[in-house]
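For reference, the chains in residue letters:
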Amino acid sequence: MTFHPDLVEAVVFDLGGVFIYPDPHPAAERMAATGVPVPSGDDFDQRFRRAHHAAVHHLSQDGEDAAEHRPEFWRRYDRAYGADLGVPDEQLDDFDVAIRVGWDWPHEPNIAALHRLATTGMPMAIVSNNDGSAPEQCRTHGICQVLEGPLPVVAAIIDSALVGARKPDPTIMAPALYALGIPAERVLYVGDTVQADVLAATRAGMQVVQLDPFDHHAAFDHARMNDVDEIVDALT
């Protein structure tokens with residue numbers, strides 16, 4: 001489905017690539033060791049986030065064949081991530097970041113935007129392809145929680161490892177939709193990938209927006225926005 005803000009009654013977010021990213025510091029150390037200049041200051045955040053989204057775009061060309069459970073998926077992600085950072089071709093085979101390193105680098109602007117959306121009373125949930133740690137990641141990084149507490153409360157935090165389904169399988173969306181109690185066509189899914197997020201949400205009958213902050217996916221015809229703030233502005 002396309003994005004119709006006036007028809008949205010709830011929002012479901014992905015976790016990785018939206019609120020948290022791979023820790024860039026091991027990648028920066030590898031760059032320095034190979035003589036590749038390492039960005040600093042304000043550019044550090046931008047460059048490593050851009051590398052992630054460039055790698056996501058590289059895998060978007062594969063459609064359903066880009067299955068995240070396959071080791072080859074992450075090898076290709078690592079190579080594309082390193083290439084965007086300027087790692088020489090001959091060293092890309094040894095450049096790995098996603099497999100060894102946890103996704104524990106928070107993107108504070110998107111987290112703050114979720115908090116802003118929470119103040120409107122919009123029902124929300126999280127659905128993530130993950131390793132069982134999604135609820136803890138949400139708490140640790142100050143994103144949200146299911147039970148009442150200091151963080152925004154969401155209806156559910158669905159982790160693929162805990163429910164036995166992974167995006168793009170649309171059945172992973174069912175527990176979140178059940179918890180929200182809102183028809184799928186009136187729920188917006190926000191993620192960063194085509195092969196997992198856009199496909200799963202579309203198959204589940206949900207509206208979908210891909211976060212594409214560096215405009216890598218201009219050739220695709222689904223809705224794209226720069227960040228969660230832009231989505232919140234559209235909804236409010």
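Before reading further, recall that the structure is shown in the block above.
Owing to the predicted nature of the structure, the values given are computational and were not obtained by experimental measurement.

Novice: With reference to specific residues and values, describe the overall build of the protein.
Specialist: The helix and strand tally for the protein stands at nine helices and eight strands. Against the 2.2 N^0.38 benchmark of 18 Å for 236 residues, the protein shows a C-alpha radius of gyration of 17 Å, consistent with a compact globule. With respect to the principal axes defined by its C-alpha atoms, the protein has extents near 50 × 35 × 30 Å. Taking all 236 residues of the protein together, the buried fraction comes to 50%. Taking as baseline every contact in the protein between residues at least 6 positions apart, the subset at least 24 positions apart corresponds to 66%. A total accessible area of about 10200 Å² is found for the protein, and carbon and sulfur atoms account for 51% of it. Charge-centre separation for the protein: the mean point of 16 positive side chains lies 3 Å from the mean point of 37 negative side chains.

Novice: I'd like to hear about the sheet that holds strand β8 (residues 223-225), residue by residue, with values.
Specialist: The strand order β5-β4-β1-β6-β7-β8 describes an open sheet built from six strands, whose pairing is parallel. Both edges of this open sheet fall to β5 (157-159) and β8, since each of them pairs with a single strand only. Between one strand and the next, the sheet's axes are offset by a mean angle of 25°, whatever the strand orientation. Alignment of strand β6 (residues 187-191) against strand β7 (residues 207-211), held across four bridges, turns out to be parallel. For Val-190, the partnering residue across the bridge sits in β7 and is Val-209.

Novice: So what's going on with the nonpolar core? Which residues, and what values?
Specialist: Formed by 30 residues in total, the largest nonpolar core has its most connected members in Val-11, Phe-13, Phe-19, Ile-143, Leu-188 and Leu-235. Of all the secondary-structure elements, those providing two or more residues to this core are β1 (10-13), α4 (108-118), β4 (124-128), α5 (134-140), β6, β7 and α9 (228-235).

Cut-off values and rules
- Residues numbered from 1 in each chain as written.
- Predicted model: local features only at pLDDT ≥ 70, side-chain atom pairs only at ≥ 80, totals over all residues.
- Heavy atoms only, no water.
- Helix = DSSP H or I, 4+ residues; strand = E, 2+ residues; numbered from the N terminus.
- Rg over C-alpha atoms; globule rule 2.2 N^0.38 Å.
- Buried < 20%, exposed > 50% of the residue type's maximum accessible area, 1.4 Å probe, protein only.
- Contact = heavy atoms within 4.5 Å.
- Areas by Shrake-Rupley, 256 points an atom, 1.4 Å probe, with all protein chains shown as cover.
- Lys, Arg positive; Asp, Glu negative; His and termini not counted.
- Charge placed at Lys NZ, Arg CZ, Asp CG, Glu CD.
- Pairing = 2+ DSSP bridges.
- Axes fitted to C-alpha atoms, helices over the stretch in contact; angles between N-to-C directions.
- Core = buried A, V, L, I, M, F, W, Y, C linked by side-chain atoms within 4.5 Å.

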